[in-house]
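# An overview of the molecular structure
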Amino acid sequence: ATPARRFASFALEAAKRRKWRKLVAKPSPSSWSRGVETFELDAADAATQLEAYYAAHAHGAKQIILQKHLAGLETRPESRLFFFGGDFLYAVANASFDPAHNFDGGAGGVPEVCDHPEAASTAPLGSPRRLPPAFWRPHLAVADAVIDRVLLAHPSVEATKREDLPCIMRFDVGLHDPNDLQRSVSSCPKAVGGADDADDDASAAAVVPFLNEIEIVPTLYLDAKFGHDRDFVAVYADRLVKAAADVLGIAPLRTDDDDDIPASSDQGGEHADEDDGLAAAAAAAAG
């Protein structure tokens, strides 16, 4: 058998054992969705499609990654949460979706999180580009848990405390579609987060966040269209200089302009006075 045929057979057999209905293939390394394709596993020509995919992408790829297709990444907003070390800085999201998607899982539900497709948690209060806390706080809880329970416990991480992680990290967190979980909306667990985020709305049961990936050298999403209320380029520069000085054992220079970022547990408090109407709409959408 040719390498392409062996690849197709492996992909179909592995997906069948895991009871996947669709799979996503992507070459590694890649970025900006280059080479990402979805395959319907019950299609009559699925094997032929996979063979053609291998022939087109195997050259130049170190490996081809196969993953279960998660409909939530197509139908629901994904947030990107930025940390330096253990400190949460901001969240951004592609937050505007077609009304037909019925984001809250019900007919006629709230179709979008805010008025713009690009939104940030640090946009000014009242701005249409401000990402509501009711949307990103459950995602932040997922990222916080991963740092504390996974990263700091990993044998390759030479740090025992969050503040000892001297790097930029971006956590991409998606929302499961109820069909991804193979259960009804009413039986889905609630999103991670407090009562202020989810209220008691029945649609909250439909919103289950999951970690999609962690990036160590990420795109920073600092374009002016996100409307950040502070200069994060300067914040990152200051933090990176201090981290380098720490690694080299050099006492860093401090100035009156040094910008201390609150820990993630404090950051949420900055958004506690969110506009009621915007927060209510987001709570209905995001649970």
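About the cut-offs
Residues numbered from 1 in each chain as written. Predicted model: local features only at pLDDT ≥ 70, side-chain atom pairs only at ≥ 80, totals over all residues. Heavy atoms only, no water. Helix = DSSP H or I, 4+ residues; strand = E, 2+ residues; numbered from the N terminus. Buried < 20%, exposed > 50% of the residue type's maximum accessible area, 1.4 Å probe, protein only. Areas by Shrake-Rupley, 256 points an atom, 1.4 Å probe, with all protein chains shown as cover. Patch = residues over 30% accessible without salt bridge, like charges linked within 9 Å, V, L, I, M, F, W, Y side chains within 5 Å. Salt bridge = Lys/Arg side-chain N within 4 Å of Asp/Glu carboxyl O. Pairing = 2+ DSSP bridges. Core = buried A, V, L, I, M, F, W, Y, C linked by side-chain atoms within 4.5 Å. Contact = heavy atoms within 4.5 Å. Axes fitted to C-alpha atoms, helices over the stretch in contact; angles between N-to-C directions.

Moving on, we get to the overall build of the protein. Across its full length, the protein carries eight helices and eight strands. Within the protein, buried positions represent 43% of all 287 residues. Carbon and sulfur atoms provide 52% of the accessible area of the protein, an area that totals close to 15,100 Å².

Taken together, the side chains of L211, I214, I216 and V217 present a nonpolar region at the surface, about 360 Å² in accessible area. I216 gets classed as partly exposed once you look at its relative accessible area, which sits at 47%.

To continue, consider the pairing of strand β4 (residues 79-84). In terms of residue burial, β4 counts as a mostly covered element, since six of its six residues are buried. What you see with β4 is no split at all: S79, L81 and F83 on one side and R80, F82 and F84 on the other are buried throughout. In this structure, β4 lies alongside strand β5 (residues 87-94), joined through six bridges in antiparallel fashion. Bridging across to β5, F83 finds its partner in F88. If you look at the hairpin formed by β4 and β5, you'll find two residues sitting between the two strands, and G85 has a positive phi there, around 60 degrees. Across six bridges, β4 lies against strand β7 (residues 168-175) in antiparallel orientation. Considered in β7, the bridge of F83 is made with M169.

Below, the discussion takes up the nonpolar core. Core analysis: the largest hydrophobic core is formed by 22 residues, its most contacted members being F83 and F171. Every element with two or more residues in this core is listed here: β4, β5, α4 (133-151) and β7. Here this core gets eight residues from one element, more than from any other, and that element is α4. In this structure F171 touches S79, R80, L81, F83, A143, V146, I147, L151, L211, E213 and I214, once residues within four positions along its chain are discounted. Counting 13 residues, the second largest nonpolar core, distinct from the first, contains L89, A120, F232 and Y236.

Right, let's get into the sheet that holds β5. Within the open sheet, the five strands sit side by side as β6-β5-β4-β7-β8. Their pairing is antiparallel. Both outer strands of the open sheet, β6 (118-120) and β8 (209-215), are each paired with one neighbouring strand and no more. Between one strand axis and the next, the sheet turns by 25 degrees as a mean value, whatever way the strands run. Across the face of the sheet, α4 comes into contact with β4, β5, β7 and β8 while running at roughly 125 degrees to β7.

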